[in-house]
Protein chains: 2
Amino acid sequence: MMLEIGARLIHQKGYNYTGIQEILKEAKVPKGSFYFYFKSKEDFGLQVIDQYANHIGNTLQNYLSDNTLSPLTRLKLFLNEFLASFIENDYQGGCPLGNLALELADTHEIFRQKLTDIFESAIKAIHALLDQAQKQGDLPSEKDTKDLAQFLFFSWEGLIMQMKISKTSQPLDQFNRVVFEQLLV
Amino acid sequence: MMLEIGARLIHQKGYNYTGIQEILKEAKVPKGSFYFYFKSKEDFGLQVIDQYANHIGNTLQNYLSDNTLSPLTRLKLFLNEFLASFIENDYQGGCPLGNLALELADTHEIFRQKLTDIFESAIKAIHALLDQAQKQGDLPSEKDTKDLAQFLFFSWEGLIMQMKISKTSQPLDQFNRVVFEQLLV
């Protein structure tokens, strides 16, 4: 319960600006309970990240392992459907992990390390999918799939930034046109 | 002086987490001086953004208007050289406007509007350059330059995020390979 409330507050306001007091107040628990479950605010933040990472990892695996669809279709579905709740929610929040990365990469080395590892696993999953697409002849053999996987992942983070600012889904249409009609062909 | 100090603090810590007291203390000025120059913290933040936007706008114009180079070379130089001080500075900070966009887009409508306008001018400048490249035959005529300009700008923001997290320039090499050897050809 504290983790859910904390995750929501951190997503809305950032890590630094979310106070333990505020989490306790919303969760209606005394301070002692917080320190029973978490060593510190940092420990709490890392557990919030783990929770997100598991959710994203599971979603990614569900999409990417569906062998009834072509690899590129699976990739497109993942990149698009993962944004559905963001769109429904009026483009509030954006990518919780991307936000934390920008907020904390310079000041909290332990968060930077953890986020780097999570992003690298996501990129690895996309890389494997592009390799499959290449094997099946859906992607020219001369394309460097590692370069493309990294580029795609962070362009997608840029896309989320753009949707969060513009409060429209137009950038998603444009992303799909560039990525799936020009880049991955 | 207050603007420079405030800009640096906001870049390091974010808008919400930077206090007026802290700016006053570093600038060694009394509170009255702050409210002589700025109506509020919001007004101050907007002026910090204006300062950044002017700097970025001028740099962009300098690069993009150099007619001795081909349009795509100018674009590459801009996208790369703009990152030189970020790289020299050990990948600290990142894009001040992208950071503020993610931090404030949901909660401060006036900031969201201002940042949207600034990003749109940057995209317009890139769009004009891609149109030039197309006219000169450096880019196939069927490419949608508006789509590409938007996509490029936010992929570049994603690139900065990636460099800030990884603390290496490897993502820049990979960005250059994908954008200038696969996408803009």
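Everything here concerns the structure above.
Every residue gets a number counted from 1 within its own chain, in the order that chain's sequence is written. For this description, chains carry letters from A and ligands carry numbers from 1, given in the order in which they are written. With the structure being a predicted model, the display of local features is reserved for residues of pLDDT at least 70 and the display and counting of side-chain atom pairs for 80 or more, all residues being used for whole-chain, interface and lining totals. Hydrogens and waters are ignored; side-chain quantities use all the structure's heavy atoms.

Could you give an account of the nonpolar core, with specific residues and numbers?
What makes a nonpolar core is a set of buried Ala, Val, Leu, Ile, Met, Phe, Trp, Tyr and Cys residues whose side-chain atoms join them at distances within 4.5 Å. Burial status follows relative accessibility: with a 1.4 Å probe on protein chains alone, a residue under 20% of its type maximum counts as buried, one over 50% as exposed, and anything between as partly exposed. If you look at the biggest cluster of nonpolar residues, it comprises 132 residues, and the most contacted ones within it are Leu 130 and Leu 184 of chain A together with Leu 130 and Leu 184 of chain B. Contact between two residues is taken to exist if any of their heavy atoms lie within 4.5 Å; hydrogens are not considered. Among residues more than four places away in sequence, those in contact with Leu 184 of chain B are Leu 72, Leu 75, Leu 130, Asp 138, Leu 139, Leu 148, Leu 152 and Val 179 of chain B.

I'd like a rundown of the pattern of salt bridges, residues and numbers included.
Only one rule defines a salt bridge in this text: a Lys or Arg side-chain nitrogen within 4 Å of an Asp or Glu carboxyl oxygen. Taken as a whole and assessed by the stated rule, the structure comprises 14 salt bridges over all chains. A salt bridge links Lys 13 of chain A to Glu 22 of chain A, with the shortest nitrogen-to-oxygen separation between them at 2.6 Å. Residues Arg 112 of chain B and Glu 109 of chain B are paired through a salt bridge, measuring 2.9 Å at the closest nitrogen-oxygen approach. Of this pair, Arg 112 of chain B and Glu 109 of chain B both sit in helix 8 (residues 109–135), 3 residues apart, roughly one helical turn. Strands are runs of DSSP state E lasting at least 2 residues, helices are runs of H or I lasting at least 4, and numbering of each runs from the N terminus.

Before we move on, could you go through the interface of chain B and chain A and cite the residues and values that matter?
When the parts come together, some accessible area is lost, and that loss is often what is quoted as the size of the interface. Contacts between chain B and chain A engage 39 residues on the former and 39 residues on the latter. Where chain B meets chain A, there are 6 salt bridges. Lys 164 of chain B is the salt-bridge partner of Asp 106 of chain A, the closest N and O atoms lying 3.8 Å from each other. Only helix 7 (96–104), helix 8, helix 9 (145–166) and helix 10 (170–183) of chain B provide two or more residues apiece to the side of chain B that touches chain A. Take the side of chain B that touches chain A: its biggest share by element is 14 residues, from helix 9 of chain B. Amino acids are sorted into nonpolar (Ala, Val, Leu, Ile, Met, Phe, Trp, Tyr, Cys and Pro), charged (Asp, Glu, Lys and Arg) and polar (every other residue, Gly among them). Grouping the constituent residues of the side of chain B that touches chain A by class yields 16 nonpolar, 14 polar and 9 charged.

Which residues make up the relation of the copies chain B and chain A, and what values do they have?
Least-squares fitting of one copy onto the other uses the C-alpha atoms of those residues that reach a pLDDT of at least 70 in both copies. Its rotation angle being 180°, the transformation that places chain B on chain A also includes 0.0 Å of axial translation and leaves an RMSD of 0.0 Å. Taken together, the rotation angle and the small translation identify this as a two-fold axis. Most of the interface of chain B is mirrored in chain A, where 100% of its interface residues again form contacts.

Describe the environment of Thr 107 of chain B, with residues and values.
Residues and elements named next belong to chain B. Along the chain, Thr 107 falls in the loop between helix 7 and helix 8. A relative accessible area of 48% places Thr 107 in the partly exposed class. In sequence terms Thr 107 and Leu 159 are 52 residues apart; their C-alpha atoms lie 25 Å from each other. At 2.9 Å, the side chain of Thr 107 forms a polar contact with the side chain of His 108. In the analysis that follows, any N or O atom pair within 3.5 Å is treated as a polar contact, provided that within protein one partner can donate a hydrogen and the other can accept it, and provided that, for residues neighboring in sequence, both atoms belong to side chains.

Provide a residue-level description of the packing of helix 8 (residues 109–135) of chain A against helix 9 (residues 145–166) of chain A, including the pertinent values.
Residue and element names in this part refer to chain A. Fitted lines through C-alpha atoms give the axes, limited to the stretch in contact for helices. The angle between two N-to-C directions lies from 0 to 180 degrees. Contact pair helix 8 / helix 9: the axes reach a minimum separation of 8 Å and the direction vectors enclose 125°. As the angle between them shows, helix 8 and helix 9 are arranged oblique. Where helix 8 crosses over helix 9, the two elements pack in a sense that is right-handed. Here Phe 119, Ala 122, Ile 123, Ile 126, His 127, Leu 130, Asp 131 and Gln 134 of helix 8 lie close against helix 9, whose contacting residues are Thr 145, Lys 146, Leu 148, Ala 149, Gln 150, Leu 152, Phe 153, Phe 154 and Glu 157. Split into classes, the residues belonging to the contact of helix 8 with helix 9 amount to 10 nonpolar, 4 polar and 3 charged. Roughly parallel here means an angle under 35 degrees, roughly antiparallel means over 145, roughly perpendicular means 65 to 115, and every remaining angle is called oblique. If you view the pair so one helix is near and one far, a crossing is left-handed when the near helix is turned anticlockwise from the far one by less than a right angle, and right-handed when it is turned clockwise.

So, the side chain of Gln 174 of chain A: which residues are in play, and what are the values?
Here Gln 174 of chain A lies in helix 10 (residues 170–183). Not counting chain neighbours up to four residues away, the residues in contact with Gln 174 of chain A comprise Gln 162 of chain A together with Asp 147, Gln 150 and Phe 151 of chain B.

For unusual backbone geometry, give the residues involved together with the corresponding values.
Residue and element names in this part refer to chain A. Although it is not a glycine, Lys 28 sits at a positive phi angle of roughly 55°. Along the chain, Lys 28 turns up in the loop between helix 2 (20–27) and helix 3 (31–37). A relative accessible area of 73% places Lys 28 in the exposed class. Of note, Asp 90 is a non-glycine position whose phi angle comes to about 55°, a positive value.

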